[in-house]
Amino acid sequence: MLPSFLKEELGISDIKINKISLCLKEKKLILFLPFYFKKDISKLESLKSTIKSKIPLLSNIEFEFTGTNNIDVYSVLNDYWDDIIKKASEKYPGTLSFIKSCHVSIKDEEHVIIKASNEVSFNFLKKNKIDAYVGKLIKEYYDLNVSFALDFDEAIYDKLHEEIKKDEEILANNIITSPPESSPKIESNVDDNDSKVLLGKEINTAIVKICDVFQEGDDVAIKGEIFSIDFREIKSKYLMTFDITDTTSSFTVKAFLNGEKYNLIKNRLTIGSNVKVRGTVIYDKYERDLILNAKDIEICEKSVRVDSNPQKRVELHVHTQMSSMDGVSSAESLIKRASEWGHKAIAITDHAVLQAYPEAQSAAKKYGVKVIYGVEGYLVNDGVPIVSGSTSATIDSSFVVFDIETTGLSSINDNIIEIGAVKIKNCKIVDTFETFVNPQVHISKFITKLTGITDDMVKEYPSIEKILPKFLDFIKDSILVAHNANFDVTFIKTKAKNLGMEVVNPVLDTLELSRHMYENLKNYKLDTVAQHLGVSLENHHRAVDDAKATAEIFIKSINKLKENGIEKVNEINDYLKNKVDIKKNAYISCNHTCQKPKGVEKSL
């Protein structure tokens, strides 16, 4: 039998617990219950929460079930479907509203079809793989192997639409939002037009954030600003629908009104009104979503933020609605708010535009706030060199195209685990260098997943102290070539410095070379450039394969430069410096403000 505290709180006094197991180390409690109890998901969750409240130190509570299963898919869907989709909605909020608009049909004992009434529902359920999750729940709670499939049937929507019309007519006739005629009317000196209560009674319950409202059947009170409102007449009644937001989220509110309430409310509730609403969260077939069925509506004051700091700041970085895809407020509204907060000045710094200046100048005079005229610009380095270092070599000279794999991104704290290199002369491959390097530290799972290199693969190889001198001898008198060369060359130089050696070779970066030579690529990653030039790259993130692919990209690019008359390596920078779209380069945002705005104001 259950302990007494569970009997009283759950109202189930006849459940036989076959066995209780407690794992102290994991703080886990396992209850062995009869199998028939498994089907009641809501009672299981209630039982779990009750035990958790009584024994808060438990980290986990699990149930095991014994006995035979006499339940089939038909009884599960008929009797427990609401419990199943409620459980699914805990993991995927929003599921409840979408799946309730679907039609569920049993094909046979192992196959069930969920037919969505519209494309939005179908795409949501498919994206979140609700069919698979529901099948998993039925297996977990009812020990049935049932395969669920999603389908889309527009005919269901037409059927729902007809049902909605009938439901609205019934509701309009049955819902009475005013006191009965027989009720004694209390005399009052307060005009209804002055009362803050528009429907029902005054709201004194705790306000819930709209973002936390997602469970059907909950009675909640919310507060916010109306941004859309509509009234529709249905057989001598009126259906009021408005959308409300508290900036955490938005929600649709509905209520049926009689003629008297309609005449009172229609003039007092408008877009921009701030209200408190209390009601029940229900699924609306017409909206195909959760809405709040309002019982009480009350006008309230809008909460306005204030700056209570005695030392007022000056905001030096403000975007107006002239900043595309960024600012949403007008210059006047921002300057008005600065005035309300007691700020003496404000800087307007829109993204690369000055169109807010006239409005800002006018608002500054109106509200007595000084406007600092500015702009947010973009600083782009249009002189990133393709070739760095001094060299008089021709493009037929010796180049070493190389790539390394490492245990991480830091040249100081991480280690090299593989070096792959290809030597090119006269635009032909003449030699190769490839080896693993023992980093003498564990290779993380992330690096192994990225590169395929494991501890076992490198453990028999020498450390960098023995391999690096051989590599430096291989690259002697050659120009180094790499894709995103800064990363690879920095590692080599850092490790060489640790050994008292120096790397002074000129460097050519195929990343910058590709940016200047091949326009309109979505990006310039090695695999993207390789695909564009038809170069094979089968084992990306392996030094040898990346080096060979980079070498082929380099040879194709050099031959193209030859065709345009380029003979020397030091001519590449000057030839290509104006052949790149600087808008695609990395940039740094920088603010500029006018110290003396006389010229600006005069031009306005």
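For the structure, see preceding data.
The rules behind these values
- Note that residues are indexed from 1 along each chain, following the sequence as it is written.
- Residues qualify for local features only when their pLDDT is at least 70, as the model is predicted, and side-chain atom pairs are given and counted only at 80 or more; totals for whole chains, interfaces and linings, by contrast, use all residues.
- Think of the side-chain values as coming from all heavy atoms in the structure, minus any hydrogens and water.
- Strands are runs of DSSP state E lasting at least two residues, helices are runs of H or I lasting at least four, and both sets are numbered from the N terminus onward.
- In this analysis, the expected span of each helix is defined as 1.5 Å times one less than the number of residues it contains.
- Under the scheme applied here, a residue whose accessible area is under 20% of the maximum for its type counts as buried, over 50% as exposed, and between as partly exposed, the area being computed with a 1.4 Å probe on protein chains only.
- Only when DSSP finds a minimum of two bridges between them are two strands counted as paired.
- For crossovers, right-handed means that the path from the first strand over the helix to the second runs clockwise, given strands pointing away from the viewer.
- Take the buried Ala, Val, Leu, Ile, Met, Phe, Trp, Tyr and Cys residues and link them wherever side-chain atoms come within 4.5 Å; each set so joined is a nonpolar core.
- Think of each axis as a best-fit line through the C-alpha atoms, taken over the contacting stretch in the case of a helix, with angles from 0 to 180 degrees between the N-to-C directions.
- These descriptions rest on fixed angle ranges, namely under 35 degrees for roughly parallel, over 145 for roughly antiparallel, 65 to 115 for roughly perpendicular, and the rest for oblique.
- Take the far helix as your reference; a near helix turned counterclockwise from it by less than a right angle gives a left-handed crossing, and one turned clockwise gives a right-handed crossing.
- Residue contacts are counted whenever heavy atoms from the two residues lie within 4.5 Å of one another.
- Any residue outside Ala, Val, Leu, Ile, Met, Phe, Trp, Tyr, Cys, Pro, Asp, Glu, Lys and Arg is labelled polar, Gly included; the first ten of those are nonpolar and the last four are charged.
- In this analysis, a patch consists of residues with relative accessible area above 30% that form no salt bridge, clustered at 9 Å for like charges and at 5 Å for the nonpolar side chains Val, Leu, Ile, Met, Phe, Trp and Tyr.
- Methods summary: accessible areas were calculated by the Shrake-Rupley approach with a probe of 1.4 Å, and residue burial reflects only the protein chains presented.
- By definition, a salt bridge exists where a carboxyl oxygen of Asp or Glu is found within 4 Å of a side-chain nitrogen of Lys or Arg.
- Positive charges come from Lys and Arg alone, negative charges from Asp and Glu alone, with His and the N- and C-terminal ends not counted.
- The atoms used to mark charge sites are NZ of Lys, CZ of Arg, CG of Asp and CD of Glu.

Caption draft 1: Representation of the environment of Gln 215. Mapping Gln 215 onto the fold places it in the loop between strand 7 (197–199) and strand 8 (219–234). Linking Gln 215 and Ile 282, residues 67 residues apart in sequence, is a C-alpha distance of 8.5 Å.

Caption draft 2: Examining helix 6 (residues 130–142) more closely. Between its first and last C-alpha, helix 6 extends 17 Å over 13 residues, near the 18 Å set by a 1.5 Å rise per residue. Looking only at helix 6, the buried set comprises Ile 130, Asp 131, Tyr 133, Val 134, Gly 135, Leu 137, Ile 138, Tyr 141 and Tyr 142. Following helix 6 by one or two positions, Asp 143 has its phi on the positive side, about 55°.

Caption draft 3: Molecular detail of unusual backbone geometry. Despite not being glycine, Ala 352 shows a phi value in the positive range, around 60°. Considering the arrangement of structural elements, one finds Ala 352 in the loop between strand 14 (345–351) and helix 10 (357–367). Here Asp 477, not a glycine, exhibits a phi torsion of approximately 65°, which is positive. Residue position: Asp 477 is located in the loop between helix 13 (464–474) and strand 20 (479–482). By relative accessible area, Asp 477 is classed as exposed at 72%.

Caption draft 4: Quick look at the pairing of strand 13 (residues 315–318). In the sheet, strand 13 pairs with strand 14 via 2 bridges, with the strands oriented parallel. Looking at strand 14, one finds that Glu 315 is bridged to Ile 346. Handedness of the crossover joining strand 13 and strand 14 through helix 9 (residues 331–340) is recorded here as right-handed.

Caption draft 5: Broad picture of the nonpolar core. Core analysis: the largest hydrophobic core is formed by 37 residues, its most contacted members being Trp 81, Ile 84, Ile 138, Tyr 142 and Phe 148. No other element matches helix 3 (residues 73–91), which puts 8 residues into this core. With 34 residues, the next largest nonpolar core counts Cys 427, Ala 530, Ile 553 and Ile 566 among its residues.

Caption draft 6: Looking closely at the packing of helix 16 (residues 526–533) against helix 17 (residues 543–563). Contact geometry for helix 16 and helix 17: axes closest at 10 Å, N-to-C directions at 50°. What the angle tells us is that helix 16 and helix 17 run oblique. The interaxial crossing formed by helix 16 with helix 17 has left-handed handedness. For the pair helix 16 and helix 17, contact is made by Leu 526, Val 529, Ala 530 and Leu 533 and by Asp 546, Thr 550, Ile 553 and Lys 556, respectively. Of the residues assigned to the contact of helix 16 with helix 17, the class counts are 5 nonpolar, 1 polar and 2 charged.

Caption draft 7: Summary view of the environment of Asp 456. In this fold, Asp 456 is placed in helix 12 (residues 455–458). Among the residues examined, Asp 456 registers a relative accessible area of 57% and is labelled exposed.

Caption draft 8: Geometry of a negative patch on the surface. A contiguous patch of negative charge on the surface is contributed by Asp 72, Asp 108, Glu 109 and Glu 110. By the element assignment, Asp 72 lies in the loop between strand 3 (60–66) and helix 3.

Caption draft 9: Broad picture of the pattern of salt bridges. In this structure the tally under the stated criterion is 14 salt bridges. Two residues, Asp 219 and Lys 295, come together in a salt bridge whose shortest N-O distance is 3.8 Å. Taken together, the residues span a long stretch of sequence, with Asp 219 in strand 8 and Lys 295 in strand 12 (residues 289–299) at a distance of 76 residues. In this structure, Arg 278 and Asp 296 form a salt bridge, with 2.7 Å as the shortest nitrogen-oxygen distance. Remark: Asp 296 occurs in strand 12 and Arg 278 occurs in strand 11 (residues 274–284); sequence separation between them is 18 residues. Summarising the burial analysis for this pair, Arg 278 and Asp 296 share the class buried. Here the salt bridges do not stand alone but share partners, grouping Lys 196, Glu 202 and Glu 298 into one network.

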